[in-house]
Amino acid sequence: MIDNVYDAIVIGSGIAGGWAAKELAEKGLKVLMLERGRNHEHIKDYVNANKDPWEYPRRGQRTREMIETHPVLKRDYPLDERVLNMWVNEQESPYVEEKRFDWYRGYHLGGRSLLWGRQSYRFNKWDFEANAKEGIAADWPIRYEDIAPWYSYVERFAGIQGSKQGLEVLPDGEFLPAVEMNIVEKDLANNLKKHYQNKRHMFIGRSANITLPKPEQNRVNCQYRNKCWLGCPFGAYFSTQSSTLPAAKATGNLSVEVNKIVTRLLYDKDSKKATGVEAIDAENNRTYDYKAKIIFVCASAFNSTWILMNSATDIWPEGLGSSSGELGHNVMDHHFRCGAGGTVEGYEEYAEYGRRPSGIYIPRFRNVYDDRRDYLRGFGYQGGAGRGRGVEVPEMLGAEFKEAMCVPGKWHMGMTGFGEMLPYHENTIKLDKEQKDKWGLPVLRMNVEIKENEKKMRVDMMEDAKEMLEAMGVKDVWTYDSGYAPGMGIHEMGTARMGRDPKTSVLNGNNQVWDAPNVFVTDGACMTSSSCVNPSLTYMALTARAADFAVKELKKMNI
Amino acid sequence: MDRRELLKVIALFTGAAMVGGELILSGCKSDNPRPVPFTPDILALLDEVGETIIPETDSPGAKAARVSEVMKTVVTDCYWPEQQKAFMEGVHHIDVESNARFGKKFVEAAPQQRKELLIALEEEAKKYNEEQNKKDEPRREALKKQDKEFDFIASPKHYYTMMKQLTLLAYFSSEEGLTKALNYIPVPGRYDGAYRIKKGDKAFSG
């Protein structure tokens, strides 16, 4: 048993868990990281990273078996044979959809840090104020100034490429040299700026791909293969494996155990603190207890809340943190899949050499400054210009047809809106009363939908895209709304929000559970609102900030 | 070229979304689909169909890229039984048509005759696919209303559309196609968004 005593336990090994482990271990704590899935070793286990397209016998087509065994994954692009082992086994880990919810999970060391889109943006000052100003949900207990130094801290370590723009709506960060926009995008960006009198902006999407080597982390700069998804043998994008895990291990203070599913936190009602965690081994079903002074819950938003729901139920039947009435509530995601596209005339003497790991970004302009819409908040766009392949010829087969298929086609430009989703109390996850997973553990039941605010916003996301593309000079513009179901953004947020009042929030301003101050939740679960920007950078900053606070409190014997 | 781009190209040049790998209708499980009998004769026929679409020029053609092997694998593993049936009936039809027109099997017909036949099939396929799409529309809309468009599975497209799609998929993901007909750069190492090219230069692929 003595072997199972640590200073800190980190549950989960994704973006938040990796940061928690690194920060706590670097500050001298003996840390145990628990991962529910299998090990996944940097480089060695990126088995498809260097495959050529012809090495896949089905050339990437989905098999009937893949579709039948992945009832959720099949709904969108993630079902792909190249990364099939990087998504959860849906038979082993089902969940209940009271309303449709697409839940994309990665149960392996590194979690979704190996699969993420790498877009890295700061929330702005208005994002932290909007709930209070508009009387929505609860107020964030922190402001931009509280997190800004931590954004800088994590950006410097993770390595974010981007360009400074001096915009209040999308604060600048500590950037590596930006990946370039292509010649078409540069011209379109200028047209946009001119047309909207410098009120709308388009620039390269900021992403966690390094453009200069980071030898201290053994990482080589991006090679422009755009195969991040397969695992990067160069370590060019930020992941637990490429970045935080090696740093945490280098301290000599980190232990990692894989295949350990944390089933609950062990809670002592006299000291009002957690004393450790209980876990079962995913392979042999044996139960283990681990003890620690502090616990970081970073199991991904819904699974972090699932652990709280299963903890201290003898005191609070709905689980640790449920005294607020908000545990499991306020589910958010980013809604998207609507926008516009078109063709760009000319530029026939240019092509793109290399494949970028990031496209363009157009930051939010709706409900900013004096702009007012009939909905709250706003959206940003991601997209890009590129040259298609193949030109149309009258021949439908033969040598001329082949020739026409092998040359660059027209330039086109497209953009997709990513919109903020408000935190609605009635958007919930709960423990299902009947269904169990492979290990006999209760599964989650999802009841989440978008409402009028998001639906109105989607019309703008489509129409504004069209208007801007036309203003930029793009031709044959078409709009689309491919439909959105909650979860598709793979940005699950909320369910254990931060706040100023234990009666309306699960966590305080330092990510401590109000009812157990030595328990910290720093992944997507903690979010009080969602902004419209990709959230991972904010999880990194909140985690580093909370870890710093936790160690200081520990030294002061406050927790 | 990445996979998604390839699928777009295929859809554009065959007038139909890529067949296979779509989603299944509830209650239409493909338990024990019958093995699809790809005989050497059928593979030879499919290679010739492929070669007629993508012939050898200054770069290898579909036959050299062994597109029939990919067709066999994709039809066997990825097509739903109804699509498999339509595909295999099509294999038979091609020889029936060829015999009717030229008095010989497709593989024995002259290259010009093969071309003529496939051009006729392309026209036939266009009309047929439009009808199939029209027929599918209410079903697709109904599923969309239930927020279950992912359960939609299209009625089989014309067999020639399937063959042409598979030829393009197989060729433009083959070593011959990517490295000889296109300019394959697996590790570009840098990005240049204003790279100068000349008319007739091959497109990059990766």
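Computed from a predicted model, the values in this text were never measured in an experiment.

**Quick word on the overall build of chain B**
Item 1. Secondary structure summary: chain B contains seven helices and three strands in total.
Item 2. Along chain B, from the amino end to the carboxyl end, the secondary structure elements read α-α-α-α-α-α-α-β-β-β.
Item 3. In terms of C-alpha radius of gyration, chain B reaches 19 Å, essentially the compact-globule figure of 17 Å for 206 residues.
Item 4. Expressed as lengths along the three principal axes of its C-alpha atoms, the size of chain B is roughly 50 × 50 × 30 Å.
Item 5. Per-residue burial over chain B gives 41% buried out of 206 residues.
Item 6. Contacts in chain B between residues far apart in sequence, at least 24 positions, make up 66% of those at least 6 positions apart.

**Some thoughts on the sheet that holds strand β13 (residues 360–362) of chain A**
Residues and elements named next belong to chain A.
Item 1. Across the sheet, six strands lie side by side as β6-β13-β14-β15-β11-β18; this open sheet has antiparallel pairing. Because the sheet does not close on itself, it has two edges, and the strands there are β6 (203–204) and β18 (475–481).
Item 2. In this structure, strand β11 (residues 338–344) lies alongside β18, joined through five bridges in antiparallel fashion. What sits directly across from Thr-343, in β18, is Lys-475.
Item 3. In the packing of helix α5 (residues 183–195) onto the sheet, contacts are made with β6, β11, β13, β14 (379–389) and β15 (408–419), and the angle to β14 comes to roughly 140°.
Item 4. Against the sheet, helix α9 (residues 452–472) contacts β11, β14, β15 and β18, and its axis sits at roughly 10° relative to β11.

**Description of the interface of chain A and chain B**
Item 1. Listed as interface residues are 46 residues of chain A and, on the opposing side, 55 residues of chain B.
Item 2. Taken together, the elements giving at least two residues each to the side of chain A that touches chain B come down to α2 (64–69), β12 (350–353) and α8 (399–405) of chain A.
Item 3. For the side of chain A that touches chain B, the class distribution of residues is 19 nonpolar, ten polar and 17 charged.
Item 4. Pairing analysis gives three bridges linking β12(A) to strand β2 (residues 192–196) of chain B, with the strands arranged antiparallel. Looking at the pairing, Tyr353(A) lines up with Asp192(B) of β2(B).

**Side note on unusual backbone geometry**
All names here are of chain A.
Item 1. The backbone of Asn-285 sits at a positive phi, close to 65°, despite the residue not being glycine.
Item 2. Its location among the elements puts Asn-285 in the loop between β9 (273–281) and β10 (287–297).
Item 3. Overall, the presence of 11 C-beta atoms within 10 Å leaves Asn-285 in the exposed class.
Item 4. Positive phi is not limited to glycine here, since Asp-476 has a value of about 50°.
Item 5. Turning to its location among the elements, Asp-476 is positioned in strand β18.
Item 6. The exposure class assigned to Asp-476 is exposed, which follows from the 12 C-beta atoms found within 10 Å.

**Regarding helix α2 (residues 40–53) of chain B**
Residue and element names in this part refer to chain B.
Item 1. Here α2 is 14 residues long and its end C-alpha atoms lie 20 Å apart, about the 20 Å a rise of 1.5 Å per residue gives.
Item 2. Within α2, the full set of buried residues consists of Leu-45, Leu-46, Asp-47, Glu-48, Val-49, Gly-50, Glu-51, Thr-52 and Ile-53.
Item 3. The secondary structure elements touched by the buried residues of α2 are α3 (67–77), α4 (81–102), α5 (111–145) and α6 (159–171).

**Overview of the packing of α4(B) against α6(B)**
Residues and elements named next belong to chain B.
Item 1. Direction vectors running N to C along α4 and α6 enclose 100°, while the axes themselves pass 8 Å from each other. One way to sum up the angle between α4 and α6 is to call them roughly perpendicular. Between α4 and α6, the contacting residues are Ala-86, Phe-87, Glu-89, Gly-90 and His-93 on the first element and Tyr-159, Tyr-160, Met-162 and Met-163 on the second.
Item 2. Among the residues making up the contact of α4 with α6, the classes are represented as six nonpolar, two polar and one charged.

**A closer look at the sheet that holds strand β3 (residues 96–97) of chain A**
Residue and element names in this part refer to chain A.
Item 1. Strand order across the open sheet formed by three strands is β3-β17-β16, with mixed pairing between neighbours. Each edge of the sheet is formed by a strand with only one pairing partner; in this case those strands are β3 and β16 (428–436).
Item 2. As paired elements, β3 and strand β17 (residues 442–447) share two bridges and run parallel to each other. Across the sheet, residue Val-96 finds its bridge partner in β17, namely Arg-445.

**So, the confidence of the model for chain B**
Item 1. Looking at chain B, the pLDDT average stands at 90 and 91% of residues meet or exceed 70.
Item 2. In the model, residues 23–31 of chain B has pLDDT below 50 throughout and makes 18 contacts with residues more than four positions away in sequence or in other chains.

**Overview of the packing of α5(A) against α9(A)**
Helix packing for two helices is described by the angle between their axes and how far apart those axes are.
Residue and element names in this part refer to chain A.
Item 1. Two numbers describe how α5 lies on α9: the axes approach to 8 Å, and their chain directions differ by 105°. In this view, α5 runs roughly perpendicular relative to α9, as classed from their interaxial angle. Contacts between α5 and α9 involve Leu-188, Asn-191, Leu-192 and His-195 on the former and, on the latter, Met-468, Ala-471 and Met-472.
Item 2. When grouped by side-chain class, the residues that make up the contact of α5 with α9 number five nonpolar, two polar and no charged.

Criteria and thresholds
Residues numbered from 1 in each chain as written. Chains lettered and ligands numbered in written order. Predicted model: local features only at pLDDT ≥ 70, side-chain atom pairs only at ≥ 80, totals over all residues. Helix = DSSP H or I, 4+ residues; strand = E, 2+ residues; numbered from the N terminus. Rg over C-alpha atoms; globule rule 2.2 N^0.38 Å. Buried ≥ 20, exposed ≤ 12 C-beta atoms within 10 Å, placed from the backbone. Contact = placed C-beta atoms within 7 Å. Pairing = 2+ DSSP bridges. Axes fitted to C-alpha atoms, helices over the stretch in contact; angles between N-to-C directions. Nonpolar A, V, L, I, M, F, W, Y, C, P; charged D, E, K, R; others polar. Expected span 1.5 Å × (residues − 1). Parallel < 35°, antiparallel > 145°, perpendicular 65-115°, else oblique. pLDDT = per-residue confidence, 0-100.

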